[in-house]
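Remarks on the overall topology
The chain contents come next:
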Amino acid sequence: MRNIVDIMLKVKAGAYLFESANVRHEHEYAIWETIKLPAGKIIIPGVVTHSTDVVEHPELVAQRIRRFTDLVGKENVIAGADCGFGGRSHPQIAWAKLASLAEGARLASG
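As a starting point, this report considers the structure included with it. (Residues numbered from 1 in each chain as written. Predicted model: local features only at pLDDT ≥ 70, side-chain atom pairs only at ≥ 80, totals over all residues. Heavy atoms only, no water.)

**Overview of the overall build of the protein chain**
Rule in force here: To qualify as a helix, a DSSP run of H or I must reach at least 4 residues; to qualify as a strand, a run of E must reach at least 2; elements of each kind are numbered from the N terminus. The size measure is the radius of gyration over C-alpha atoms, and the globule rule it meets is 2.2 Å times the number of residues to the 0.38 power. Each residue is assigned to one of three classes by its accessible area relative to the maximum for its type, calculated with a 1.4 Å probe on protein chains only: buried under 20%, partly exposed between the two thresholds, exposed over 50%. Any two residues having at least one pair of non-hydrogen atoms within 4.5 Å are treated as being in contact. Each accessible area is a Shrake-Rupley result for a 1.4 Å probe, and residues are judged covered by the shown protein chains and nothing else. Asp and Glu count as negative and Lys and Arg as positive, but His and the ends of the chain are not part of the count. Lys charges are placed at NZ, Arg charges at CZ, Asp charges at CG and Glu charges at CD.
Across its full length, the protein chain carries 3 helices and 3 strands. The order of α-helices and β-strands along the protein chain, N terminus first, is α-β-β-α-β-α. Taken against the 2.2 N^0.38 rule, which gives 13 Å for 110 residues, the C-alpha radius of gyration of the protein chain at 14 Å falls within 12% of a compact globule. With respect to the three principal axes, the spread of C-alpha positions in the protein chain is 40 × 30 × 20 Å. Evaluated residue by residue, the protein chain yields a buried proportion of 43% over its 110 residues. Put simply, 82% of the contacts in the protein chain that link residues at least 6 apart link residues at least 24 apart. Accessible surface computed for the protein chain: about 6400 Å², of which carbon and sulfur atoms make up 57%. Measuring between centres, the 13 positive side-chain charges of the protein chain sit 5 Å from its 12 negative side-chain charges.

Quick look at the structure:
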């Protein structure tokens, strides 16, 4: 992320979706400690991942969301998934991950 964030923010988009739940990327939330999100822009960090069939606990999902909201503001974050689940996860696992995403978002919003 450190190597691409400047380029990413130059893309004329209202929101930027990126992986952040995958263990190769989870640490990269810290980039927002030094990079200012431009006004009117939204980030959509992945807070559940397709890279493992382990279903994230809603509290972990909430923690991941708060890492971002604490740095860029609640109004600038939409919780997302690292990538699509189609063809990668069994449907029951994918739905369980999405349920955890929803519950984690509810917890983070409280």
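**Concerning the side chain of His 50**
Basically, it comes down to this: Polar contacts here mean pairs of N or O atoms no more than 3.5 Å apart (in protein, one a potential hydrogen donor and the other a potential acceptor; neighbouring residues in sequence count only if both atoms are side-chain atoms).
Here His 50 shows up in the loop between strand 2 (42-48) and helix 2 (58-72). On the basis of relative accessibility, which here comes to 13%, the residue His 50 falls in the buried class. In this structure the side chain of His 50 is engaged in a polar contact, spanning 2.8 Å, whose partner is the side chain of Arg 88. Residues in contact with His 50, not counting those within four places in the same chain, are Glu 19, Asp 82, Cys 83, Gly 84, Phe 85, Arg 88 and Ser 89.

**Focus: the nonpolar core**
Just so we agree on the cut-off: Here, nonpolar core means buried Ala, Val, Leu, Ile, Met, Phe, Trp, Tyr and Cys residues that are tied together by side-chain atoms lying within 4.5 Å of each other.
With 13 residues, the main nonpolar core has Val 5, Met 8, Leu 9, Phe 18, Trp 32 and Ile 43 as its most contacted residues. For this core, the elements supplying multiple residues, two or more each, are helix 1 (5-10), strand 1 (15-18) and helix 2. When residues in this core are grouped by element, the largest group, 3 residues, is from helix 1. If we skip the residues at most four places from it in the chain, Trp 32 touches Val 5, Met 8, Leu 9, Phe 18, Leu 37, Ile 43, Phe 68, Leu 71 and Val 72. Counting residues in each nonpolar core, the second largest holds 10 residues, with Val 47, Ala 62, Ala 81 and Ala 94 among its members.

**Side note on helix 3 (residues 91-109)**
Basically, it comes down to this: In this scheme, a helix's expected span is set at 1.5 Å multiplied by one less than its residue total. Taken from the helix axis, the directions to the C-beta atoms give the arc we talk about.
In a regular helix each residue adds 1.5 Å, so 19 residues correspond to 27 Å; helix 3 covers 27 Å between its end C-alpha atoms and thus fits that length. Listed as buried for helix 3 are Ala 94, Lys 97, Ser 100, Leu 101, Gly 104 and Ala 108. Down the axis of helix 3, the buried set is contained in an arc of 120 degrees. They therefore lie on one face. For helix 3, exposure combined with an orientation more than 90 degrees from the buried face picks out Pro 91, Gln 92, Trp 95, Arg 106 and Ser 109. Where helix 3 is buried, its residues meet strand 2, helix 2 and strand 3 (80-81).

**Focus on the packing of helix 2 against helix 3**
Rules: Fitted lines through C-alpha atoms serve as axes, helices being fitted only where they are in contact, and the angles separating the N-to-C directions of these axes extend from 0 to 180 degrees. Reported orientations rely on four angle classes, namely roughly parallel under 35 degrees, roughly antiparallel over 145, roughly perpendicular from 65 to 115, and oblique for the rest. Left-handed is the label given to a crossing in which the near helix is rotated counterclockwise from the far helix by less than a right angle, and right-handed is the label when the rotation is clockwise. Each residue is assigned to one class: nonpolar for Ala, Val, Leu, Ile, Met, Phe, Trp, Tyr, Cys and Pro, charged for Asp, Glu, Lys and Arg, and polar for all the others, Gly among them.
Relative to each other, helix 2 and helix 3 sit at 55 degrees, their axes nearing to 7 Å. Here helix 3 runs oblique to helix 2, going by the angle between their axes. Considering only the axes of helix 2 and helix 3, their crossing is right-handed. Taken together, the residues of helix 3 that come into contact with helix 2 (itself represented by Pro 58, Glu 59, Val 61, Ala 62, Ile 65 and Arg 66) are Ser 100, Leu 101, Glu 103, Gly 104, Ala 105, Leu 107 and Ala 108. Looking at the contact of helix 2 with helix 3, its residues break down into 8 nonpolar, 2 polar and 3 charged.

These results come straight from atomic positions and should not be treated as a statement about function.
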